[in-house]
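Inside the fold
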Amino acid sequence: MNFIMVIIICFSANCQAVWDKQQYPTVNDCLAASGPVKEYMIQVYPTSAGQIYCMDEQQFKNYEEYLENGGKPTIEEYNKPSS
């Protein structure tokens with residue numbers, strides 16, 4: 001099974017999902033590769049928020065379909081109910 005790194009980056013409440021065509025043979029390989037990506041994103045986009053996910057091929061396919069059907073990328077921080 002292969003894993004795909006999916007990066008969700010948000011500027012205010014406007015979020016975008018990006019991913020690379022590179023696939024990782026294990027979830028641990030994907031997670032290890034996500035560390036430098038996280039550090040890069042923090043340096044380049046310091047006012048943004050984001051999350052990185054390592055999805056297996058079926059999860060990624062489902063996520064792509066969700067986006068194609070009008071779904072919006074979000075991160076937990078932006079999904080919290082207002083109190």
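Before any of the text, the structure's been laid out above.
Now for a quick tour of the structure. This one's a predicted model, so the numbers in the text were calculated from it and none came from an experiment.

Moving on to helix H2 (residues 57–68). The end-to-end C-alpha distance of H2, which contains 12 residues, comes to 16 Å, matching closely the 16 Å that a straight helix rising 1.5 Å per residue would cover. The N-terminus of H2 is capped by aspartate 56, whose side-chain oxygen sits 3.1 Å from the backbone nitrogen of glutamine 58. Of the residues trailing H2, glycine 70 is marked for its positive phi of about 95°.

This part takes up the packing of aromatic side chains. Following the criterion strictly, the structure yields 3 aromatic pairs and no others. Between tryptophan 19 and phenylalanine 60, the ring centres sit 5.1 Å apart and the planes meet at 80°, which makes this aromatic pair edge-to-face. With tryptophan 19 in strand S2 (residues 14–24) and phenylalanine 60 in helix H2, this pair connects stretches of sequence that are 41 residues apart. Aromatic pair tyrosine 63 and tyrosine 66: ring centres 5.9 Å apart, planes at 25°, arrangement stacked. Taken together, the residues span about one helical turn, with tyrosine 63 and tyrosine 66 both in helix H2 at a distance of 3 residues.

Backbone-to-backbone hydrogen bonds pair the strands of a sheet. The strands run either parallel or antiparallel. The sheet built from 3 strands is open, its strands ordered S2-S1-S3 with antiparallel pairing. Every interior strand has two partners, whereas the edge strands, S2 and strand S3 (49–56), have only one. In this sheet, adjacent strand axes meet at a mean angle of 20° when their direction is disregarded. As defined by bridge partners, strand S1 (residues 3–11) adjoins S2 across 8 bridges and the pair is classed as antiparallel. By the bridge assignment, valine 6 is partnered in S2 with tryptophan 19. Against the sheet, helix H1 (residues 27–44) makes contact with S1, S2 and S3, and its axis sits at roughly 25° relative to S1, the strand it touches most.

Thresholds, definitions, all that
Residues numbered from 1 in each chain as written. Predicted model: local features only at pLDDT ≥ 70, side-chain atom pairs only at ≥ 80, totals over all residues. Heavy atoms only, no water. Helix = DSSP H or I, 4+ residues; strand = E, 2+ residues; numbered from the N terminus. Expected span 1.5 Å × (residues − 1). Polar contact = N/O pair within 3.5 Å; in protein donor to acceptor, adjacent residues only side chain to side chain. Phe/Tyr/Trp six-rings, centres within 6.5 Å; stacked < 30°, edge-to-face > 60°. Pairing = 2+ DSSP bridges. Axes fitted to C-alpha atoms, helices over the stretch in contact; angles between N-to-C directions. Contact = heavy atoms within 4.5 Å.

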